[in-house]
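Summary of the model geometry
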Amino acid sequence: MTADAPSAAHEPDALDLGLPDPVRDPGLPAQVRIHEVGPRDGLQNESGLVPVEVKAEFIARLAAAGLGTVEATSFVHPKWVPQLADAEELVPRLADLPARHPGLRLPVLVPNERGLDRALAHHAADIAVFASATETFARRNLNRSADEAMAMFQPVVARATEAGIRVRGYLSMCFGDPWEGPVPIDQVVGFGVRLLEMGCFELSLGDTIGVATPGQVTALLDGFARAGVPAERLAVHFHDTYGQALSNTLAALRAGVTTVDASAGGLGGCPYAKSATGNLATEDLVWMLHGLGIRTGVDLRALVATSGWMAQQLGRPSPSRTVQALLGAAPA
């Protein structure tokens, strides 16, 4: 290169320029905990098996980026979710992460008592159970009625809490069901309260097929408030099928929710509901939260780099708009 050649200096991106510019809204929480679901919910629907060493590296990178809760895997029968059949091999590979990242939590999903036995054998400190607010999805996802599923979870939650394990409750189809249509608020609240009364410390409300809108989110959270459930015990889990995940999240924050589920790179779907597309991308969520002056503890640049790396492992671009913008990738 000659002295007159143009410089190859790095062109500043938005983060280099100090963007997004934080503007605090006093009506919103000062801090939000992100419950990262990419390694479990994000990867469970991948058609090609992701190597266990890639999953372990993905989780390690997410923890290094500042995510304090990373849902690692599920102790479900391999027949039902082949992508997660390597749970016994994966979990030991993560054993040193909590020491490297104090406070890090690595919950695992358990479907029944057999799954709990497997989680206990691997010294899990956090588990989650997965119920449905609708009858049809319960039968398709859990092969039993919604009430039978609740009965199945009762001893799981009881045994786990007795062992000092924190139990999170997921409730799917809270805003719409692909077979049943709209889901009554009282029906969702009823099942949610039952999970909390069993002993779940937190309830995540799932928009499994991504049909919710902000008014509906507000109405459901108001329903839980009327039932005596404080917003601090609720989390929200939005899919972005119709592009509403961020607006729905903002509605939840205004109602006092401070825990939001998200998936790095927007990975995800549901093997039992084909209309369920990707989860809310963690990067898009962090961009919005940082722009609102809300603390997350997440290093956005490190997170974007992690999702870019994972997209390479999967052989396709990330659907996250923030990842696309900061890495210069074309939309998926």
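A few points on the structure. What you are looking at is a predicted structure, and each value in this text was computed from that prediction instead of being measured.

Helix and strand counts for the protein come out as 13 helices and 9 strands. Out of the 332 residues in the protein, the part that is buried amounts to 53%. Within the protein, contacts between residues separated by at least 24 positions form 75% of all contacts whose residues are at least 6 apart in sequence. Here the protein has roughly 14000 Å² of accessible surface; of this, 54% comes from carbon and sulfur atoms. Computing the positive centroid from 26 side-chain charges and the negative centroid from 36, the protein places the two 4 Å apart.

Spatially, 9 strands are ordered 2-1-9-8-7-6-5-4-3 in an open sheet, and the strand pairing comes out parallel. Whereas interior strands pair on both sides, the edge strands pair on one side only; in this sheet they are strand 2 (69-70) and strand 3 (73-74). Sheet strands in contact with helix 6 (residues 135-142) are strand 5 (126-132) and strand 6 (166-172), and its direction is about 125 degrees off that of strand 5. On top of the sheet, helix 11 (residues 282-291) reaches strand 1 (33-36) and strand 9 (259-262); it is set at about 175 degrees to strand 1, its chief contact.

Along its 17 residues, helix 7 (residues 146-162) runs 25 Å from first to last C-alpha, staying within 8% of the 24 Å computed at 1.5 Å per residue. Taking the largest bend as the criterion, helix 7 deviates by roughly 25 degrees, centred on Phe 153, and proline Pro 155 comes between one and four positions later. Of all the positions in helix 7, only Ala 146, Ala 149, Met 150, Met 152, Phe 153, Val 156, Val 157 and Ala 160 are classed as buried.

Before going further, it helps to examine the pattern of salt bridges. On inspection of all chains with the given rule, the structure shows 20 salt bridges. Among the salt bridges present, the one from Asp 86 reaches Lys 55, with a minimum N-O distance of 3.0 Å. With Asp 86 in the loop between strand 3 and helix 3 (87-93) and Lys 55 in helix 2 (residues 52-64), the pair connects residues that are 31 residues apart, well separated along the chain. Glu 57 is the salt-bridge partner of Arg 61, the closest N and O atoms lying 2.9 Å from each other. Note that Arg 61 and Glu 57 are positioned in helix 2 at a spacing of 4 residues, about one turn of the helix. When its relative accessible area of 29% is taken as the criterion, Arg 61 is described as partly exposed. Taken together, the salt bridges that share partners define one network made up of Arg 33, Arg 168, Glu 202 and Asp 261.

On to the packing of aromatic side chains, then. Per the stated rule, a full pass over the model turns up 3 aromatic pairs. An angle of 25 degrees between the planes, with centres 5.3 Å apart, marks the rings of Phe 130 and Tyr 170 as stacked. Here the residue Phe 130 occupies a position in strand 5, and Tyr 170 occupies one in strand 6, the gap between them amounting to 40 residues. The residues Phe 130 and Tyr 170 share a single accessibility class, namely buried. Plain terms: the ring middles of Phe 137 and Trp 179 are 6.5 Å apart, the flat faces sit at 25 degrees to each other, and that makes the pair stacked. One end of the pair, Phe 137, is in helix 6; the other, Trp 179, is in the loop between strand 6 and helix 8 (185-198), and 42 residues separate them in sequence. Phe 137 sits in the buried class, given a relative accessible area of 0%. For the cation-ring pair, Arg 40 lies above Tyr 170, with the distance from its terminal atom to the ring centre recorded as 5.5 Å. One Lys or Arg, Arg 61, reaches over the ring of Trp 309 and ends 4.2 Å from the middle of that ring.

Within helix 5 (residues 113-121) the residues assigned to the buried category are Gly 115, Leu 116, Arg 118 and Ala 119. Buried residues of helix 5, viewed axially, fall in a sector of 160 degrees; they line one side. In this structure, helix 5 carries Arg 114 and Ala 121 as exposed residues pointing more than 90 degrees from its buried face. Elements in contact with the buried residues of helix 5: helix 3, strand 4 (108-109), strand 5 and helix 7.

It is worth spelling out the side chain of Asp 177 at this point. Position of Asp 177 among the secondary structure elements: in the loop between strand 6 and helix 8. Buried charge without a partner: Asp 177 forms no salt bridge, and the closest opposite charge is Arg 140, 7.3 Å away. At 2.7 Å, the side chain of Asp 177 and the backbone nitrogen of Trp 179 are in polar contact. There is a polar contact of 2.8 Å between the side chain of Asp 177 and the backbone nitrogen of Glu 180. With sequence-adjacent residues up to four places away left out, Asp 177 is seen in contact with Thr 134, Phe 137, Val 183 and Ile 209.

Let us now look at the packing of helix 8 against helix 9 (residues 214-226). At a minimum axis distance of 9 Å, the contact between helix 8 and helix 9 shows a crossing angle of 50 degrees. By the criterion of interaxial angle, the relationship of helix 8 to helix 9 is oblique. In terms of crossing hand, the pair formed by helix 8 and helix 9 is right-handed. When helix 8 is examined against helix 9, the residues Ile 185, Val 188, Val 189, Gly 192 and Val 193 are found in contact with a partner set consisting of Ala 219, Leu 220, Gly 223 and Phe 224. Its residues placed into classes, the contact of helix 8 with helix 9 shows 7 nonpolar, 2 polar and no charged.

Conventions and cut-offs
- In every chain, residue numbers begin from 1 and rise along the written sequence.
- Side-chain atom pairs in this predicted model are given and counted only at pLDDT of 80 or more, local residue features only at pLDDT of at least 70, and totals for whole chains, interfaces and linings cover all residues.
- To obtain the side-chain values, all non-hydrogen atoms of the structure were included, while hydrogens and water were left out.
- Numbered from the N terminus, helices here are DSSP runs of H or I no shorter than four residues, and strands are runs of E no shorter than two.
- Only protein chains enter the area calculation, which uses a 1.4 Å probe; residues under 20% of their type maximum are buried, those over 50% are exposed, and those in between are partly exposed.
- Note on contacts: a residue pair is in contact if any heavy atoms of the two residues lie within 4.5 Å.
- Only the protein chains shown count as cover for residues, and all accessible areas are computed by the Shrake-Rupley method using a 1.4 Å probe.
- The charged-residue count follows a simple rule in which Lys and Arg add positive charge and Asp and Glu add negative charge, with His and chain termini not counted at all.
- All charge positions are set by atom: Lys at NZ, Arg at CZ, Asp at CG, Glu at CD.
- Paired strands are those between which DSSP finds at least two bridges.
- Axes, fitted as lines to C-alpha atoms, cover a helix only where it is in contact. Angles between the N-to-C directions of the axes lie from 0 to 180 degrees.
- To estimate how far a helix should reach, multiply one less than its number of residues by 1.5 Å.
- Axes are fitted to the seven residues ending at a residue and to the seven starting at it; the angle between these axes is taken as the bend at that residue.
- What counts as a salt bridge is simple: a side-chain nitrogen of Lys or Arg found within 4 Å of a carboxyl oxygen of Asp or Glu.
- Pairing of aromatic rings covers Phe, Tyr and Trp, the last counted by its six-membered ring, and requires centre-to-centre distances within 6.5 Å; plane angles under 30 degrees mean stacked, over 60 mean edge-to-face, and any other angle means tilted.
- Put simply, a charge is over a ring when the Lys NZ or the Arg CZ is close to the ring centre, within 6 Å, and near the line of the ring normal, within 35 degrees.
- What the arc covers is the set of directions going from the helix axis to the C-beta atoms.
- Polar contacts here mean pairs of N or O atoms no more than 3.5 Å apart (in protein, one a potential hydrogen donor and the other a potential acceptor; neighbouring residues in sequence count only if both atoms are side-chain atoms).
- By definition in this entry, angles of less than 35 degrees are roughly parallel, angles greater than 145 are roughly antiparallel, angles of 65 to 115 are roughly perpendicular, and the rest are oblique.
- Each crossing gets its handedness from the near helix: less than a right angle anticlockwise from the far helix is left-handed, clockwise is right-handed.
- Under the scheme applied, nonpolar residues are Ala, Val, Leu, Ile, Met, Phe, Trp, Tyr, Cys and Pro; charged residues are Asp, Glu, Lys and Arg; polar residues are all the others, including Gly.

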